[in-house]
Structures are given as structure tokens and as C-alpha cells.
Amino acid sequence: MNKIAATLGLIVALLLAASSTLFVVDQRQVGVIYALGEIREVVTEPGLKFKLPPPFQNVVFLDRRVQTLDSPETRPIFTAEKKSLVIDWLIKWRIAEPRQFIRNNGVDFRNLEARLAPVVQAAFNEEITKRSVTDVLATERDKVMNDVRTRLADEAKSFGIEILDVRIKRVDFVADITDSVYRRMQSERLQVANELRATGAAEAEKIRADADRQREVIIAEAFRDAQKIRGEGDAKASALYAEAFGRDPQFAQFYRSLEAYRATFRSKSDVMVLDPSSEFFKAMRGNTPAR
């Protein structure tokens, strides 16, 4: 029974070890393998993949599908003739460079959206202020969207993403100028707050990754030193035993008999029925010369 239990335990341990080295990359995802807090490999091909078991390597998955970012707030924009318009927009984007994306935004898409929304809004501001209300509403609506997409192309590379489409959902006049100015001020303060939060989140992620990397390095070095010391001690002990037993084989036999007695009579509650004249009690009968 002990052998069966040990065999089953070994099989379970091997299965657990194997499962920690395997992971599946879905065709809708990108797998990013971390090694000691640093990006080691980006897996873009779907299927069953291999990695080192934790804590040596960990894997994080990013959604590679097309994402949608809607304008988070309604902000007035002044046209060339100083008319105030409210524009609701949306953009379509997806991850192009996973390494660049993680370095700048971490693995949470909300970090990217908080940083990207003000950039998109600024691009619309630049394009709307050069045009009249008629241009924005009718004659140059498509050109506004294309020009905004062009402006965002370089910014998108720094975020590690690709801008696929830019759309204007709604264009409307501001009914109350005072309320419009207030919302604009409020949105600007919110923009500053979002930028500070995004910067703080990025710094926190960087510090956390560095701390995790240092921790893994320290643990690995300590384990290596412990294994080295343990190996040296075992080697010295084996050499001493071998030398001692080689000098006096009879003493070695006597020492092994004592070890057998210690293992056999360890528990006081054990009951054994043995023949005193058996070989097992040879050392107790004094047949072994005393040293």
C-alpha cells in the first residue's frame, strides 16, 4: 500500500509540474511570458505552448481583438467662427506591439483609455477650430475624421496600438454657454486627474515589477547556495562514513545493527515476537567483538 501511495503521489506531482509549464494561447489573445519581472517572449501564434514553471516564468494574456473607445465626456469645441459645438466620437483600436503596450500601460486596458481619450479629444480640437460649423456638419465631416486618424497615428505607436477607425457620432450646439464653459473646466480637471492617475499607475507597476524581480533573484541565489552547502556536507559525511567503516568492518557491522535496533524499537507501543537466537540479536548476545 505504501508503494502504491508513493507511486500515486509521484504521478500527481509530475502532473502538477507538467501543468504549470503548459498554457494555451487563444486565437483572440496574445501571450506575454514574464521572467523575473521582465518580458521574455511575446507569443502571437495560437495553440499549446511551453514555459518554465513559476516562479521562474509567468504568462499574461492580452486581448488582440478590435476595441472601442467612446468619448468619456461631452466637451464643447469652438469652430473657426467661434461657435461652440459638442462632439461625441469613438475610435476603433487594437494592440500592435504588446511589449510597448505593457511598458506604457501595464496589462489593464483602462490605463490606456484614460491616457488615450485626452489625446483623441485634443486632435479633434485641432481639426474643429480650423473649420466652420458647416464644414463640420456637412462638407468636411469625413475629412475631419481622416485628419484626426492621421494625427493619432504617431501617438498610437508610442502606446503600442494601431488606430483602425475614427468616427463622429454626434455634433450638436451648446444650449447654455455658461454650463458649457463649466463642463469644459470640469473635463480639463478630470483630464489632468486621469493623466496623474495613469502616470502613478505606470510607476506603481514599474516599482512592483522591479521588486518582484529582485525577490525572485534573491530567492534563487539563496536556494542555489543552500543546495551547494547541503551537497558539500553530504559528500563529507559520506567520505567520513566510508573511511570509518573501511578501517574496521566489524565495527561497521555492529553500527548497522545498532541502527537497525533503533529503527525497530522506536515506538514503545510496538509488540514483536522474535527468536532470541536469531541473527537479528547477534550484536546483543555479544558475538561482535567490543571496541
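Everything numeric in this text was worked out from a predicted model, so none of it was measured.

## Focus: the environment of Glu155
For step 1, the next point in the chain: Looking at where Glu155 falls in the secondary structure, it is placed in helix 5 (residues 141-159).
For step 2, the next point in the chain: Spatially, the C-alpha atom of Glu155 lies 8.8 Å from that of Leu116, the residues being 39 residues apart in sequence.

## Some thoughts on the side chain of Asp135
For step 1, the next point in the chain: Tracing the backbone shows Asp135 in helix 4 (residues 133-139).
For step 2, the next point in the chain: As a buried residue without a salt bridge, Asp135 has its nearest oppositely charged side chain in Arg131, at a separation of 5.7 Å.
For step 3, the next point in the chain: A distance of 2.9 Å separates polar atoms of two side chains, one belonging to Asp135 and the other to Thr139.
For step 4, the next point in the chain: Those residues within four positions of Asp135 in sequence are excluded, and the remaining contacts are Glu140 and Arg141.

## What to know about the environment of Phe159
For step 1, the next point in the chain: Looking at where Phe159 falls in the secondary structure, it is placed in helix 5.
For step 2, the next point in the chain: C-alpha separation for the pair Phe159 and Arg115, spaced 44 residues apart in sequence, amounts to 9.1 Å.
For step 3, the next point in the chain: Leave out the neighbours within four places in its chain, and Phe159 touches Gln100, Phe101, Asn105, Leu112, Arg115, Leu116 and Val119.

## Thoughts on the nonpolar core
For step 1, the next point in the chain: Counting residues in each nonpolar core, the largest one holds 35 residues, and the members touching the most others are Ile91, Trp93, Phe101, Leu116, Phe124, Ile161 and Ile163.
For step 2, the next point in the chain: Looking at this core, the elements that each hand over two or more residues are strand 2 (29-35), strand 8 (84-95), helix 2 (98-105), helix 3 (109-128), helix 4, helix 5 and strand 9 (161-173).
For step 3, the next point in the chain: No other element matches helix 3, which puts 8 residues into this core.
For step 4, the next point in the chain: In this structure Phe124 touches Ile77, Trp89, Val144, Val148, Val166, Arg167 and Ile168, once residues within four positions along its chain are discounted.

## Some details on the packing of aromatic side chains
For step 1, the next point in the chain: Under the defined criterion, the tally for this structure stands at 4 aromatic pairs.
For step 2, the next point in the chain: Measuring from centroid to centroid gives 6.0 Å for Trp89 and Phe124, while their planes differ by 15°, and the two rings are stacked. Taken together, the positions of Trp89 in strand 8 and Phe124 in helix 3 put the pair 35 residues apart, joining distant regions of the chain.
For step 3, the next point in the chain: Put simply, the rings of Trp93, Phe101 and Phe109 touch in pairs and so form one group of aromatic residues.

## Remarks on the confidence of the model for the chain
A low pLDDT means the predicted coordinates there should not be read in detail.
For step 1, the next point in the chain: In this model, the chain carries an average pLDDT of 80, and 77% of its residues clear a pLDDT of 70 or more.
For step 2, the next point in the chain: Per-element confidence in the chain ranges from a low mean pLDDT of 62 for helix 1 (residues 2-19) to a high of 94 for strand 6 (residues 67-70).

## With respect to a nonpolar patch on the surface
For step 1, the next point in the chain: Where nonpolar side chains cluster on the molecular surface, the patch consists of Leu22, Val24, Leu48 and Phe50 and spans about 410 Å² of accessible area.
For step 2, the next point in the chain: Tracing the backbone through its elements, the reader meets Phe50 in strand 4 (residues 47-50).

## With respect to the packing of helix 3 against helix 5
For step 1, the next point in the chain: Direction vectors running N to C along helix 3 and helix 5 enclose 145°, while the axes themselves pass 9 Å from each other. Along this stretch, helix 3 crosses helix 5, giving a crossing that reads as right-handed. On helix 5, the residues touching Leu112, Arg115, Leu116, Val119, Val120, Ala123, Phe124, Glu126, Glu127 and Ile128 of helix 3 are Val144, Asp147, Val148, Arg151, Leu152, Glu155 and Phe159.
For step 2, the next point in the chain: For the contact of helix 3 with helix 5, the per-class residue count stands at 11 nonpolar, no polar and 6 charged.

Conventions we followed
Residues numbered from 1 in each chain as written. Predicted model: local features only at pLDDT ≥ 70, side-chain atom pairs only at ≥ 80, totals over all residues. Heavy atoms only, no water. Helix = DSSP H or I, 4+ residues; strand = E, 2+ residues; numbered from the N terminus. Buried < 20%, exposed > 50% of the residue type's maximum accessible area, 1.4 Å probe, protein only. Lys, Arg positive; Asp, Glu negative; His and termini not counted. Salt bridge = Lys/Arg side-chain N within 4 Å of Asp/Glu carboxyl O. Polar contact = N/O pair within 3.5 Å; in protein donor to acceptor, adjacent residues only side chain to side chain. Contact = heavy atoms within 4.5 Å. Core = buried A, V, L, I, M, F, W, Y, C linked by side-chain atoms within 4.5 Å. Phe/Tyr/Trp six-rings, centres within 6.5 Å; stacked < 30°, edge-to-face > 60°. pLDDT = per-residue confidence, 0-100. Patch = residues over 30% accessible without salt bridge, like charges linked within 9 Å, V, L, I, M, F, W, Y side chains within 5 Å. Areas by Shrake-Rupley, 256 points an atom, 1.4 Å probe, with all protein chains shown as cover. Axes fitted to C-alpha atoms, helices over the stretch in contact; angles between N-to-C directions. Left-handed = near helix turned anticlockwise from the far one by under 90°. Nonpolar A, V, L, I, M, F, W, Y, C, P; charged D, E, K, R; others polar.

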